[in-house]
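Summary of the model geometry
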Amino acid sequence: MDLNINDENERSCIIPFWPYSVGELMEREKEKDDARLLVLLFVALAFLGAIFAAHLDMRYAGITRLLWIVPFALVPLFVKRSAPSQLVCDSRGLRLETIAAGTVSVKQRLNWDDISEIYLTERKAKQRVLDQYICFKSKKGHTRDSYQSATRHVPCPHALLKIKLETIGTAAHWRTLVHSIYKWSSIEVKGVDADLFNNLNIDQKAPTYTKIWLDAMLAPPQRHLITALNNGVSIKNGEYLLEDKLGMGGQGSAYLARTKGGQEVVLKETILPLYVESRIRRQALENFEHEARILGSLNHPNVVKLIDCFVEDHRGYLVLERIKGPNLAEYIAKNGPLGETHAVPLGLAMCDILSYLHGVSPPIVHRDFTPDNLILRPDGSLTLIDFTIAQQSADTATANVMGKHAYLPPEQFRGKATPQSDIYALGCTLYYLLTSENPEPLTCSHPKLVRDSVSSAMDQVVATATELEASKRFSSAMDVRHALSNI
Ligand SMILES: Nc1ncnc2c1ncn2[C@@H]1O[C@H](COP(=O)(O)OP(=O)(O)O)[C@@H](O)[C@H]1O
Ligand SMILES: [Mg+2]
């Protein structure tokens, strides 16, 4: 949106609201759908009634005609139920407007004269910038319920109006809002910085991807590069030069690339679907953002590090530190099964990684802890990659069954992965290292049945880790570590 705030002829500015998180958005859309359905139902009923009455007796036709009023009477109700679509700021004040059924209606109006103070709530530890509110306090001290049905915890309870930053959502609109408030009311918005959104970067504890969303949703609907990218292609304005393709996954490819400074990195690409409903596009973006968010919050020497993430040409890119070396699947395929002297230290390293992930608050379940996703560096250390389907327990559990099937415990098939599901996968990975065979799906694995040289103690560790009932498995990665170190 272009707004020249020095232009005195500019009458008002409009800040369109950005949808909340996808889940809440869908709830809202569902609500609207319900209302639409109701209106349609009444129209249909009135129509049928009119025909019926006309056939029966002309006397009733007049009454039935009246029925037509019902659906129209419902329109204001529908408008009232809808969330505001935009905030309008002009010389008189602010107003929240709803656009529904083709009409604009004012939900709430605030005059500048009634406002004593405008401020941004403080950001608490672990809160995202977008979780803050901009609050408008009344001169009269009276309070009114504001529009924020989606939030349970409500800060600044005495404000006339409060708006979660998430609903503003783009740097340009935020800047416009802050500037217009000052322009029209001369009230300074306390605690803000007009560049608030611009100063964010993913190294912060609470990353936000507003820029990514904006870039992705507003980009023209055409893809310049139709197929997988070729070597030598430069992306993000020449910041990264592609050198090699590492693999092709379901969502895109992974590339070896070099930064301008000569650093080797891996670009993991997610191709964002183009010609689909915006809801599906948002979901794809959410998935991409999800992996970035989890990786960005982690810091462990044996977990791959996120360097950057961005969207270009309808593809999301994670820029990851490049881990040299084969993954465990490649290593075993080439060198055959490992003896226990090799397998035990690798097992211990896996336990350390899982203890770290499960110890984060809330715990992170990797859900794809397989030999493909563990890279063996030349110095013998292991690094875990691929957080595509990792889940932080606070997330609403998705019922999707993803991951390599032979490494999934029964509860993960039912869509209920817990930290112990990773312990099952760890047992399967140990089985693979010792036998060079993938385990039987949904089976308690005994490597000794395949290779007699495996010790009974080791066999027992693998079997306990791969118990089908989670309660019979080791209860934590530390317990597996303890058992392994006693072999
Ligand atoms: N940071 C990295 N360093 C080196 N190779 C990587 C890195 N990330 C991914 N790869 C390679 O790319 C492949 C695919 O990446 P991955 O994150 O596992 O995605 P997918 O979801 O497609 O399995 C991996 O198997 C690995 O060979
Ligand atoms: Mg993988």
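The present account deals with the structure reproduced in this document. Being a predicted model, the structure only gives us computed values, none of them experimental.

Conventions used here
Residues numbered from 1 in each chain as written. Chains lettered and ligands numbered in written order. Predicted model: local features only at pLDDT ≥ 70, side-chain atom pairs only at ≥ 80, totals over all residues. Helix = DSSP H or I, 4+ residues; strand = E, 2+ residues; numbered from the N terminus. Expected span 1.5 Å × (residues − 1). Buried ≥ 20, exposed ≤ 12 C-beta atoms within 10 Å, placed from the backbone. Contact = placed C-beta atoms within 7 Å. Pairing = 2+ DSSP bridges. Axes fitted to C-alpha atoms, helices over the stretch in contact; angles between N-to-C directions. Parallel < 35°, antiparallel > 145°, perpendicular 65-115°, else oblique. Left-handed = near helix turned anticlockwise from the far one by under 90°. Nonpolar A, V, L, I, M, F, W, Y, C, P; charged D, E, K, R; others polar.

**Some remarks on helix α9 (residues 340-359)**
The end-to-end C-alpha distance of α9 is 27 Å, a good match for the 28 Å that 20 residues give at a rise of 1.5 Å each. The set of residues buried in α9 consists of Ala343, Leu346, Gly347, Met350, Cys351, Ile353, Leu354, Leu357 and His358. Each element contacted by the buried residues of α9 is listed here: β15 (364-365), β17 (382-384), α11 (419-435) and α13 (477-485).

**Quick look at the pairing of strand β13 (residues 306-312)**
Across six bridges, the pairing between β13 and strand β14 (residues 315-321) is antiparallel. Along β14, the bridge assignment pairs Leu306 with Leu320. Between β13 and β14, which pair antiparallel and follow one another directly, the connecting turn spans two residues, one of which, Asp313, has a positive phi of 50 degrees.

**Comments concerning the sheet that holds strand β12 (residues 264-271)**
Sheet architecture is open: six strands sit in the order β9-β10-β11-β12-β14-β13, paired in antiparallel fashion. The open sheet is flanked by β9 (234-235) and β13, the only strands paired with a single partner.

**Comments concerning the packing of α9 against α11**
One can describe the packing of α9 onto α11 by two numbers: an axis separation of 11 Å at closest approach and a directional angle of 165 degrees. Comparing the axis directions of α9 and α11 gives the class roughly antiparallel. Between α9 and α11 lies a crossing whose hand is right-handed. Here Ala343, Leu346, Gly347, Met350, Leu354 and His358 of α9 lie close against α11, whose contacting residues are Pro419, Asp422, Leu426, Thr429, Leu430, Leu433 and Leu434. Considered class by class, the residues forming the contact of α9 with α11 number nine nonpolar, three polar and one charged.

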